[in-house]
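Observations on the three-dimensional arrangement
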Amino acid sequence: MTSQRTRERLLKRLEEQGITHPALLQAMGSTPRHIFVDEALASRAYEDTALPIGHGQTISQPYIVARMTQALLEGGTPHKVLEIGTGCGYQTAILARLVNEVYSIERIAALLAGARQRFSELKLRNVHLKHGDGYAGWPQHAAYDAILVSAAPLEIPRSLLEQLAEGGHLVAPVGPPGAQDLVRVTRTRDGYTREKLDRVSFVPLLGGAA
Ligand code: SAH
């Protein structure tokens, strides 16, 4: 079930859904999604569906990971990316194969520990992890060429917009459960522009570290 054929089927489906970025498709094809989920769910890891990762959280659907990543890459590949909500680390691993440095923040320590273990197994050495509240971002390493938020705030936190470099994209699900839009904000010389990309369903961005 975790064979190369199963993965190729997933890639084909992504292409049919409009994922065309060659390096992104290659990263999705070479990243083993089954190691990011519980062994009992490994046989379902290459289905295009969200799956539970414990602590009431979910690993995002592959199409959504691809859609968000492609939206970040449009206009040029960013060097330094900030991710909010590491979770199991799958989205992080995809980013790490595409950009120079990934900074990722997770509020649940146990999830972060699992993700750290997987990055070491995959020999991904350009991932920097922090246990904390993503609302504040990670100002020490700002500005970021791109910011990806993996949980939905009601409004995009001001601090994250401030840590985005000029010309950079921030992609985030925004809104209450049941009524979320995937939004892309681009920082321009004199402000921000905002586009709606899709209707989505994410777990909420919560305050504080757990
Ligand atoms: N890309 C991840 C998504 C996990 S779900 C994956 O595919 O596994 C969203 C994650 O955001 C959860 O792990 C949740 O704990 C985390 N999260 C929610 N609010 C947060 C906050 N304020 N700061 C950091 N992480 C947060």
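Located above this text is the structure these notes cover.
What this report covers is the structure whose coordinates are included nearby. (Residues numbered from 1 in each chain as written. Predicted model: local features only at pLDDT ≥ 70, side-chain atom pairs only at ≥ 80, totals over all residues. Heavy atoms only, no water.)

1. What about the site of the ligand?
Heads up, the condition is: We call a residue near a molecule or strand when any one of its heavy atoms sits within 4 Å of it. A 3.5 Å cut-off defines polar contacts: any pair of N or O atoms within that distance qualifies, except that in protein one atom must be a possible hydrogen donor and the other a possible acceptor, and neighbouring residues in sequence count only when both atoms are side-chain atoms. Note on conventions: DSSP H or I runs of at least 4 residues are helices, E runs of at least 2 residues are strands, and numbering of each starts at the N terminus.
Around the ligand there are 25 residues in total, and Cys 88, Glu 106, Asp 133, Gly 134 and Leu 206 lie nearest to it. Cys 88 is positioned such that a nitrogen or oxygen atom in its backbone is 3.0 Å from an oxygen atom of the ligand. Within the backbone of Arg 107, a nitrogen or oxygen atom sits 3.3 Å from a nitrogen atom of the ligand. Contributing elements (two or more residues each) for the shell around the ligand: strand 2 (57–59) and strand 4 (101–106).

2. Here's the deal with the sheet that holds strand 7 (residues 164–174)
As a reminder of what qualifies: Whether two strands pair depends on DSSP finding at least two bridges between them. Here an angle of 0 to 180 degrees is reported between the N-to-C directions of two axes, which are lines fitted to C-alpha atoms, with helices fitted over the stretch in contact. By definition in these notes, contact holds between two residues if any of their heavy atoms fall within 4.5 Å.
Spatial ordering of the open sheet is given by 5-4-3-6-7-8-9, a layout of seven strands whose pairing is mixed. Two strands close off the open sheet at either side, each with one partner strand: strand 5 (127–131) and strand 9 (191–200). Across this sheet, the average inter-strand angle for adjacent strands is 15°, counted without regard to direction. Across the face of the sheet, helix 3 (residues 62–73) comes into contact with strand 3 (80–84), strand 6 (144–149), strand 7, strand 8 (180–188) and strand 9 while running at roughly 160° to strand 7.

3. Here we look at the side chain of Arg 184
Following the sequence through the fold, Arg 184 ends up in strand 8. A polar contact is formed between the side chain of Arg 184 and the side chain of Glu 74, at a distance of 2.9 Å. Look past the residues within four positions of Arg 184 in its chain and what remains in contact with it is Ala 71, Glu 74, His 169, Leu 170, Val 171, Thr 193, Arg 194, Glu 195 and Leu 197.

4. Some details on the nonpolar core
As a reminder of what qualifies: What is meant by a nonpolar core is a set of buried Ala, Val, Leu, Ile, Met, Phe, Trp, Tyr and Cys residues, joined one to another through side-chain atoms within 4.5 Å. Only protein chains enter the accessibility calculation, which uses a 1.4 Å probe. A residue is then buried if its area is under 20% of the maximum for its type, exposed if over 50%, and partly exposed in between.
In this structure, Leu 14 and Met 28 are the most contacted members of the largest nonpolar core, which totals 51 residues. By residue number, the principal contributor to this core is helix 3, which donates eight residues. Those residues within four positions of Met 28 in sequence are excluded, and the remaining contacts are Leu 11, Leu 14, Pro 62, Val 65, Ala 66, Tyr 90 and Ile 94.

5. Quick look at the pattern of salt bridges
The criterion, for reference: In what follows, salt bridge is the name for a side-chain nitrogen of Lys or Arg lying within 4 Å of a carboxyl oxygen of Asp or Glu.
Within the structure shown, the criterion is met by nine salt bridges. Across the pair Glu 16 and Lys 12 runs a salt bridge, and its minimum N-O distance is 3.3 Å. Residue Glu 16 and its partner Lys 12 are both found in helix 1 (residues 4–16); the two are separated by four residues, about one turn of the helix. Given the relative accessible area of 59%, Glu 16 is considered exposed. Residue classification places Lys 12 among the exposed positions, given a relative accessible area of 53%. Lys 196 is the partner of Asp 181 in a salt bridge, and the nearest nitrogen-oxygen pair spans 3.6 Å. Here the residue Asp 181 occupies a position in strand 8, and Lys 196 occupies one in strand 9, the gap between them amounting to 15 residues.

6. Focus on unusual backbone geometry
The peptide bond linking Ala 142 to Ala 143 adopts the cis configuration, its omega dihedral lying at 5°. Positive phi outside glycine occurs at His 55, with the angle close to 60°. With respect to the secondary-structure elements, His 55 resides in the loop between strand 1 (51–54) and strand 2. Of note in this structure, Lys 123 is not a glycine but carries a positive phi near 55°.

7. Some thoughts on the pairing of strand 3
Note the following rule: A right-handed crossover is one whose linking path, passing over the helix from the first strand to the second, runs clockwise when the strands point away from the viewer.
Burial of strand 3 is extensive: four of the five residues sit out of reach of the surface. Pairing analysis gives five bridges linking strand 3 to strand 4, with the strands arranged parallel. Its bridge partner being in strand 4, Leu 82 is matched across the sheet by Tyr 103. Remark: the strand 3/helix 4 (residues 90–96)/strand 4 crossover connection has right-handed handedness. Sheet topology note: the strand 3/strand 6 ladder contains four bridges and is parallel. Each bridged residue has a counterpart across the sheet, and for Leu 82 the counterpart in strand 6 is Ile 147.

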